[in-house]
Structure formats: C-alpha cells, structure tokens
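# Structural features, examined
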Amino acid sequence: MCYNNWVRSTRHLRPMKPTVILERSPYRYVQCGLLEINGRPDYRIQKMNEWTKRYTDMYFLDNQMQLDTCLEDFEYVRWLDPDPDVCAYRKLDSVSNPY
C-alpha cells in the first residue's frame, strides 16, 4: 500500500493502490500516484517481508532515471537495501586484509 498518497472516497480516506511496474523477488518496483510537490510520479521499491508475506516500502526513488537504473542493474537495488545481510557488488577474486 502507498500510505503517502490517499484517495478520497465518499466516506473516508483510503490508501492508493500501487501500480506494479516490475516484480523481481524479493523486490518489486511500484508507482504510487503523483507527488503533490511537483506532480511527478512517485516511484518506490518495496521488499517482501518474510514473516508477514507482505510488501513494505524499502526505498523511495528520486526520479525516473533512478528507476531505470534499478530495472537494469539488480546489484544497485541490493546496494540500496538497508538489510545488512544483503551483499551487493561482491568481488569473487578479493583478497582479505592480512593485518
């Protein structure tokens, strides 16, 4: 759900349903309406929660160019992930520090 963008219904406000652009486990890329400040699309990366089996917002993208980079480079999305267990841009031929 996109909780920053609310749709006014006849009786109350409800969260806007996101438009899924691409789903690549455990991430999905969504558009949640338009931003009120500048009228541009609100792009987000959501991550699947293992316990609740629901998607939650992981990262708010700045613009269309950053979304395009995320769609092309999966390692960049992993680099944006705040989870310490996710490694990105891993070097296979790395040498450990002897000190």
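See the structure shown above.
Attention here is on the structure that accompanies the text. The model shown is predicted, which means the values in this text are computed figures rather than measured ones.

About the criteria used
- Residues numbered from 1 in each chain as written.
- Predicted model: local features only at pLDDT ≥ 70, side-chain atom pairs only at ≥ 80, totals over all residues.
- Heavy atoms only, no water.
- Core = buried A, V, L, I, M, F, W, Y, C linked by side-chain atoms within 4.5 Å.
- Buried < 20%, exposed > 50% of the residue type's maximum accessible area, 1.4 Å probe, protein only.
- Helix = DSSP H or I, 4+ residues; strand = E, 2+ residues; numbered from the N terminus.
- Contact = heavy atoms within 4.5 Å.
- Arc of directions from axis to C-beta.
- Polar contact = N/O pair within 3.5 Å; in protein donor to acceptor, adjacent residues only side chain to side chain.

Here the focus is the nonpolar core. Counting 11 residues, the largest nonpolar core is built from Y27, Y29, Y43, I45, M58, L61, L67, C70, Y76, V77 and L80. Secondary-structure elements contributing two or more residues to this core are β4 (27-34), β5 (41-48), α1 (64-72) and α2 (74-80). Not counting residues up to four positions away in its chain, the partners in contact with V77 are Y27, Y29, I45, M58 and C70.

The residue after S25, namely P26, is reached through a cis peptide bond having omega 0°. Residue placement: P26 occurs in the loop between β3 (19-24) and β4.

Every buried residue of α1 is listed here: Q66, L67 and C70. Along the long axis of α1, the arc covered by the buried residues comes to 100°, so they all point the same way. Along α1, the residues that are exposed and aim more than 90 degrees away from the buried face are M65 and E72. Tucked into the core, α1 has its buried residues touching β3, β4, β5, β6 (55-60) and α2. Between the side-chain oxygen of the N-cap and the backbone nitrogen of M65 there are 3.3 Å, and the N-cap of α1 in question is N63.

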